[in-house]
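Fold and contact review
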Protein chains: 4
Amino acid sequence: MCAATPAPNFTFGSDNTAGICPEAWAGLTEANAGCVASYGDDPFTTKAKARIRELFQTDCEVFFVFNGTAANSLALAACCRSPFTRVICHDYSHIDTDECGAPELFTGGAKLTALSGPNGKLQPAAVEGALHLGHGVHFPKPAALSLTQSTEWGTLYTADELRALTSLAHANGLAVHMDGARFANAVEASHLSPADLTWRAGVDVLSFGGTKNGMQTAEAVVFFNHDLARDFEYRVKQGGQLASKMRYAGGQWLAMLRDGAWLRHAAHANAMARRLADAIRQIPSLQFIVEPQVNALFVEMPPAVYAALTARGWQFYRFIGENGYRLMCSWATTEAEVDAFVADLRATAR
Amino acid sequence: MCAATPAPNFTFGSDNTAGICPEAWAGLTEANAGCVASYGDDPFTTKAKARIRELFQTDCEVFFVFNGTAANSLALAACCRSPFTRVICHDYSHIDTDECGAPELFTGGAKLTALSGPNGKLQPAAVEGALHLGHGVHFPKPAALSLTQSTEWGTLYTADELRALTSLAHANGLAVHMDGARFANAVEASHLSPADLTWRAGVDVLSFGGTKNGMQTAEAVVFFNHDLARDFEYRVKQGGQLASKMRYAGGQWLAMLRDGAWLRHAAHANAMARRLADAIRQIPSLQFIVEPQVNALFVEMPPAVYAALTARGWQFYRFIGENGYRLMCSWATTEAEVDAFVADLRATAR
Amino acid sequence: MCAATPAPNFTFGSDNTAGICPEAWAGLTEANAGCVASYGDDPFTTKAKARIRELFQTDCEVFFVFNGTAANSLALAACCRSPFTRVICHDYSHIDTDECGAPELFTGGAKLTALSGPNGKLQPAAVEGALHLGHGVHFPKPAALSLTQSTEWGTLYTADELRALTSLAHANGLAVHMDGARFANAVEASHLSPADLTWRAGVDVLSFGGTKNGMQTAEAVVFFNHDLARDFEYRVKQGGQLASKMRYAGGQWLAMLRDGAWLRHAAHANAMARRLADAIRQIPSLQFIVEPQVNALFVEMPPAVYAALTARGWQFYRFIGENGYRLMCSWATTEAEVDAFVADLRATAR
Amino acid sequence: MCAATPAPNFTFGSDNTAGICPEAWAGLTEANAGCVASYGDDPFTTKAKARIRELFQTDCEVFFVFNGTAANSLALAACCRSPFTRVICHDYSHIDTDECGAPELFTGGAKLTALSGPNGKLQPAAVEGALHLGHGVHFPKPAALSLTQSTEWGTLYTADELRALTSLAHANGLAVHMDGARFANAVEASHLSPADLTWRAGVDVLSFGGTKNGMQTAEAVVFFNHDLARDFEYRVKQGGQLASKMRYAGGQWLAMLRDGAWLRHAAHANAMARRLADAIRQIPSLQFIVEPQVNALFVEMPPAVYAALTARGWQFYRFIGENGYRLMCSWATTEAEVDAFVADLRATAR
């Protein structure tokens, strides 16, 4: 008699396998009342933008789009303005590895110069070198530096590291974009303010992630540099990213920011990752590829262990090298799930 | 002492000023349970696609995107495949007048040949003429015909009219796209099946509107022509339209199709428009620009009447000519709202 | 025994059916000596650019590209900078009717708003109206006005007419492009200086035609507005328009400008057109559609006359309406050719 | 008293610093007679295309464009058809390093996957790996393999090597493009026929270089795969690459192919490179980075030697690593120039 296949469990697969968190859900509910003006001229959107400006303690310009690919690509298009340009980024950056050429599409043909760097972080020397690739007009002109915070390796740039990179970029005429799909996790873990991690550190435009924080189709693009924001509303519309019922983006953001839910959820995800990390450290056959700082763990895991976990229903992905797996926690991950996973880990790894 | 300004009332402004309908809300709720695979590999999305195939009684291919602009533009890009092409459309088509060049962006530079036609409908003779514009390679090659059903003027193509146009298109090598932002209203008002109004009438790809039917960020692109659908999943991703939490699109569509809510809401919107139309017919100073067939009325209205209604808070827009206003009903429009509007109309128009 | 078919004669078909004029040929010859630096770092190119600056009596920036489509499209891309924009132009403009969507391609998806206007000329009122098409972000933002001088109808804008249009454009934030495929003919016929017809009249960037003036693959893009010229060298390269052996463009321009050949050839073409026009005026069955001002005649011609001329080998094209034919003279057209054509005309038309 | 600076000598800087060769010049002269139809409907163009078909012993489709960047980029756009695609190429390929993102522009946003490989050549194992980069729709779909023959390192793929790569490409649904900017040099040095080096080896489309072979603004795009060639004439026009006076491209190609001048010039350039190589081999302080096979030498040269040669007027460029310089010979390079350079080399290097 054959054993039942366990239901697949996507908990640690990504932070986008979780649903809408209660606060965002409440925001949706509040926004779902009566008729309001469409395309962002509603009170939810207006208030949410004001609230984001308060959060960043500056008069930034805020736009809502549907997902992270769009937030990043439209922001980069605004930075580049022309197709004969280059974006310098890390070779593990989402814009290069996981957006199917969306930045290339929305810029009309810009190139990404993807650089390696330890722990998922760009280093000034590498960026410096990349600025001078090619000879004159025969190679695209560098126009933007894109940084991911927290990084795709689950690490953090310090404010000093950010400043070193953004100064170099600005000194060479590049705009600085930050992919903040997990910006909340970065703010929470760094104990720095949103302002300190962005405009005070030289960031011109931030993709402020909502989805992985517990929302749905509600990413914010936040411009600290007003020149870059010029006409961005047209870009959003032409890019197929202007919601007619934008109230739901506004409503979710309002609710998430109102009582600090955005940070609370990030703190929870980060804490679950720490709980999982603490357990993993006790298992000699598993190694961290990089010391975790936020809600993602990257673990070197013997193939047999991965196979055994998969057989028990756990779904997560290989990410770095041949046996480097990513384990991701979210606002929805429970201690019980962590503990169940750890139990299965202990049963298979030694 | 100055009078209080009435709160603006967007009820008749558009069918996207209403919120999420109860059934779609239920769909969201059902989808919001636990962790599921992202990017469409979840059971809600899978079932919704199957349900749409049943609805159309054919093995069509279904993709979910965020809004109508994206649905139309990506579908047209799939029809055109190349930037040296043309899309033939009505000069009141949304793709030409209200999408800020999104079709041009996503095709990489195709041109729209916008033709006038009575009652918002294209006529074969005009399309025939448009096929032969320009001389050879000096003018873009016609690649697609785009039809809107129901039209931007609130009218309907009959199945025979559709067939006449689609035959002409196919005979000349053009693919046929249907902008069905209000496809539900068209199905309900025409008493024809979804299949009869699309693939049986020669439509290759349909933008199947969810938003105006009561959903949120959940439009479907339905390909009846499998060749055109090839690799469309890449186009969706690169276009910034792949939802990580796609379960919410799937969940809403499932719920809307399950018990016929999609048609019921369209029927309601159409009925509210009829109720409003019947009242307007009694007011001699108001004329219909076109005989209404679905949920939109186009009314020639003296400026003073418009001004008076605006002063009472009603928000709706000029659309055709100098004094042609559009009044739109939705799933959410109530008889009481219609009656209140009619009362104000009667008070100001004679 | 059947009659011999006469060899086709393309003389009046276009001003690009003629070859390279003697002066341009001399320029090619001079440039064809020894090894020189490529991509424009050669003395011919440098001197030609300086000579063009002298011609325009201002510090303009000059770039050479291969043909008029590229000159126009790249110049417009520089004016628009973004894909969510519009170019306002005449509905007989070459950019709209004869460049297969090249402006759309090189701008990444901008739209052309093509306006009718008498005698091939745009009128301020029409442009004014076109500025305000669409509502907000739902329609592309007007970014450039494109004027053709001399026009596609063989007419001329006066300096006052230019100024009225360019002031309107600038007041609304639009850049002004001039398609000068036949700029030489316009300068000669208007008795105005190159400066008066361009920057003094508010033109920001000129496509200065070489081909129709007697050269080969050598159009100049001349920026009077330095902001628009920023990084244009990258655009030229990425657009596939940077000649490695640019010396031949430089050499031709140098030779054409050195002794006034460019104006002499334009004067000749204009004079041949006048000679032809004078003869046509004597033939009652032929009517001018528009009073000719440069080297093109637009003649309403009975179909039988056109058929008879074609049978005698003359190749020219229908251009306006059902029986409106274009007859074009070039630097190479001879009095004998004009007289032979007139003789055939007289033999067939009355 | 300061010494006179020697005139710069560009002979070895590139094979595009030379002018138009006598046979191409004769072709220009022959084409420069009378009025002919424009845009390629002239006898020179027609005959030249027929002659190229004979050369390749197959019914290929031929298009003329202005330069190599355009030939490559338009050919790749024809291979890719869609912007969500990838081109696999060598990391020294001209399309990646020297075309300022033109392939990205003309494809509308495709990505180049640039791979390292010894001696400037791609290896099947590397290509195999590159086919499987990324996960599903999150990374662009591989659509084309681009090979350079002769390579940017002055080496040659053997027919067997080509077949191994093209079979792999075809087995995975990729089209194969060959950048043949120096195709003549490759044919001559390999002692293989044009057919053997292209379609018999699995090449779908060739950029057949004219410029570096002695012509001006006359590259050919040769499609062996007719499906890929569909509508390419529109792509050429929209891409700003359709010459109105195409007769000059046709005339040059006709003259170059008529008496074998194209191969003779390649043979000369290759021979001059061998002469130079033989001399360099005698100088112990100079090393070849790669064994030369055609008209380019890559030499590791002490900085002092480079400085001394520059001081004597020789202009050539660093290309590989810190001290790897490229010396290029062309149809115009003379034995005397080689010997003079060698003399200067011997005077400075030991």
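Quantities reported herein were computed from a predicted structural model and do not represent experimental measurements.

Examining the layout of surface pockets
Estimated volume of the second largest pocket: approximately 1400 Å³. Along the walls of the second largest pocket sit 43 residues, with L112 and A114 of chain A together with D96, L112 and A114 of chain D positioned nearest its centre. Where the lining of the second largest pocket is concerned, the elements lending two or more residues are α4 (94-97), β3 (111-115), α6 (124-131) and β10 (317-320) of chain A together with α4 (94-97), β3 (111-115) and β10 (317-320) of chain D. Across the lining of the second largest pocket, the residue classes break down as 20 nonpolar, 11 polar and 12 charged.

Some points on the interface of chain B and chain A
The interface of chain B with chain A comprises 44 residues on the first partner and 44 residues on the second. Note on chain B versus chain A: buried area summed over both sides is about 3900 Å², and carbon and sulfur give 57% of it. Summed over the shared surface of chain B and chain A, the result is zero salt bridges. The interface formed by chain B and chain A holds 31 residue pairs in polar contact (both at pLDDT 80 or more) in total. Those elements that place two or more of their residues in the side of chain B that touches chain A are α1 (22-31), α3 (68-80), α5 (102-107), α11 (232-238) and α12 (247-258) of chain B.

Observations regarding the relation of the copies chain C and chain B
Superposition of chain C onto chain B requires a rotation of 180 degrees combined with a translation of 0.0 Å along the rotation axis, giving an RMSD of 0.0 Å. Such a combination of turn and shift is consistent with a two-fold rotation axis. In terms of proximity to the rotation axis, the leading residue of chain C is G109 of chain C, whose C-alpha is 2.3 Å off the axis. When the interface residues of chain C are mapped onto chain B, 100% of them are again interface residues, pointing to one common binding face.

Some points on the environment of A169 of chain B
All names here are of chain B. Turning to its location among the elements, A169 is positioned in helix α7 (residues 159-171). Residue class for A169 comes out buried when judged on its relative accessible area of 1%. C-alpha separation for the pair A169 and L55, spaced 114 residues apart in sequence, amounts to 25 Å. Among residues more than four places away in sequence, those in contact with A169 are L145, L174 and V176.

Focus: the side chain of D231 of chain D
Here D231 of chain D lies in the loop between α10 (226-229) and α11 (232-238). Residues within four places of D231 of chain D in sequence aside, it is in contact with F84 and K141 of chain B.

What to know about the interface of chain C and chain B
Between chain C and chain B, the contact holds 21 residues from the first and 21 residues from the second. On the surface where chain C and chain B come into contact, there are four salt bridges. One can count 10 residue pairs in polar contact (both at pLDDT 80 or more) joining chain C with chain B. Of all the elements in the fold, those that place two or more residues in the side of chain C that touches chain B are α4 (94-97), α5 (102-107) and β3 (111-115) of chain C. Tallying contributions element by element places α4 of chain C first for the side of chain C that touches chain B, with three residues. Tallied by class, the residues present in the side of chain C that touches chain B amount to 10 nonpolar, six polar and five charged.

As for the domain arrangement of chain A
Residues and elements named next belong to chain A. According to the domain assignment, chain A consists of domain 1 (22-258) and domain 2 (261-349). The centre of domain 1, based on its C-alpha atoms, is set 27 Å off from the matching centre of domain 2. Contacts between the two partners involve 24 residues from domain 1, matched on the other side by 24 residues from domain 2. In this assembly, domain 1 packs against domain 2 so that about 2000 Å² is buried in total across both faces, 62% of it on carbon and sulfur atoms.

Observations regarding the relation of the copies chain B and chain A
Turning chain B through 180 degrees and shifting it by 0.0 Å along the axis lays it on chain A, with an RMSD of 0.0 Å. The fraction of interface residues of chain B whose copies in chain A are also interface residues reaches 100%, indicating that both copies meet through the same surface.

Some remarks on the sheet that holds strand β6 (residues 205-208) of chain B
Residues and elements named next belong to chain B. Ordered in space as β1-β7-β6-β5-β4-β2-β3, the seven strands form an open sheet in which the pairing is mixed. Every interior strand has two partners, whereas the edge strands, β1 (61-65) and β3 (111-115), have only one. Neighbouring strand axes in the sheet, compared pairwise and without regard to direction, differ in orientation by 20 degrees on average. With four bridges connecting them, β6 and strand β7 (residues 219-223) associate as antiparallel partners. Note that in β7 the partner of S207 across the bridge is V221. On top of the sheet, α7 reaches β4 (141-148) and β5 (175-180); it is set at about 165 degrees to β4, its chief contact.

Some remarks on the confidence of the model for chain A
In the predicted model, chain A carries a mean pLDDT of 96, and 99% of its residues have values of at least 70. The ipTM assigned to the predicted complex is 0.97, against a pTM of 0.97.

Examining the packing of helix α2 (residues 43-56) of chain D against helix α12 (residues 247-258) of chain D
All names here are of chain D. For the pair α2 and α12, the least separation of the axes is 7 Å and the interaxial angle reads 40 degrees. What the angle tells us is that α2 and α12 run oblique. α12 is crossed by α2, and the crossing has left-handed handedness. Here F44, T45, K47, A48, R51, I52 and L55 of α2 lie close against α12, whose contacting residues are R247, G250, G251, W253, L254 and L257.

A word on helix α8 (residues 183-190) of chain C
Judged by how many residues are buried, α8 of chain C sits mostly within the fold: six of eight residues are covered. Directly after α8 of chain C, the chain includes H191 of chain C, whose backbone phi takes a positive value near 55 degrees.

A short note on the sheet that holds strand β11 (residues 324-328) of chain B
All names here are of chain B. Read across the open sheet, the four strands follow the order β8-β9-β11-β10; overall the sheet is antiparallel. One side of each edge strand has no neighbouring strand; the edge strands of this open sheet are β8 (287-288) and β10 (317-320). Relative to β11, β10 runs antiparallel, the two being bridged by three bridges. Of the residues in β11, the one forming a bridge with R318 is Y325. Docked against the sheet, helix α13 (residues 261-281) engages β8, β9 (296-300) and β11, running at close to 20 degrees with respect to β9.

Things to note about the packing of helix α13 (residues 261-281) of chain C against helix α15 (residues 335-348) of chain C
Residues and elements named next belong to chain C. Between α13 and α15, whose axes approach to 10 Å, the crossing angle comes to 20 degrees. Considered as vectors, α13 and α15 are oriented roughly parallel to each other. Helix-helix and strand crossings are classified by hand; for α13 and α15 the assignment is right-handed. Note on element contacts: α15 touches α13 through E335, V338, D339, F341, V342, L345 and R346, opposite M272, R275, L276, A279 and I280.

Reading the values: rules and limits
Residues numbered from 1 in each chain as written. Chains lettered and ligands numbered in written order. Predicted model: local features only at pLDDT ≥ 70, side-chain atom pairs only at ≥ 80, totals over all residues. Heavy atoms only, no water. 1 Å grid on protein atoms, 1.4 Å probe; cavity = no way out; pocket = protein on both sides within 12 Å on 5 of 7 lines; lining within 4 Å. Points joined across faces, edges and corners; volume = space filled by probe spheres on them. Helix = DSSP H or I, 4+ residues; strand = E, 2+ residues; numbered from the N terminus. Nonpolar A, V, L, I, M, F, W, Y, C, P; charged D, E, K, R; others polar. Contact = heavy atoms within 4.5 Å. Buried area = accessible area lost by both parts, 1.4 Å probe. Salt bridge = Lys/Arg side-chain N within 4 Å of Asp/Glu carboxyl O. Polar contact = N/O pair within 3.5 Å; in protein donor to acceptor, adjacent residues only side chain to side chain. Least-squares fit on C-alpha atoms with pLDDT ≥ 70 in both. Buried < 20%, exposed > 50% of the residue type's maximum accessible area, 1.4 Å probe, protein only. Domains from an automatic or database assignment. Pairing = 2+ DSSP bridges. Axes fitted to C-alpha atoms, helices over the stretch in contact; angles between N-to-C directions. pLDDT = per-residue confidence, 0-100. Parallel < 35°, antiparallel > 145°, perpendicular 65-115°, else oblique. Left-handed = near helix turned anticlockwise from the far one by under 90°.

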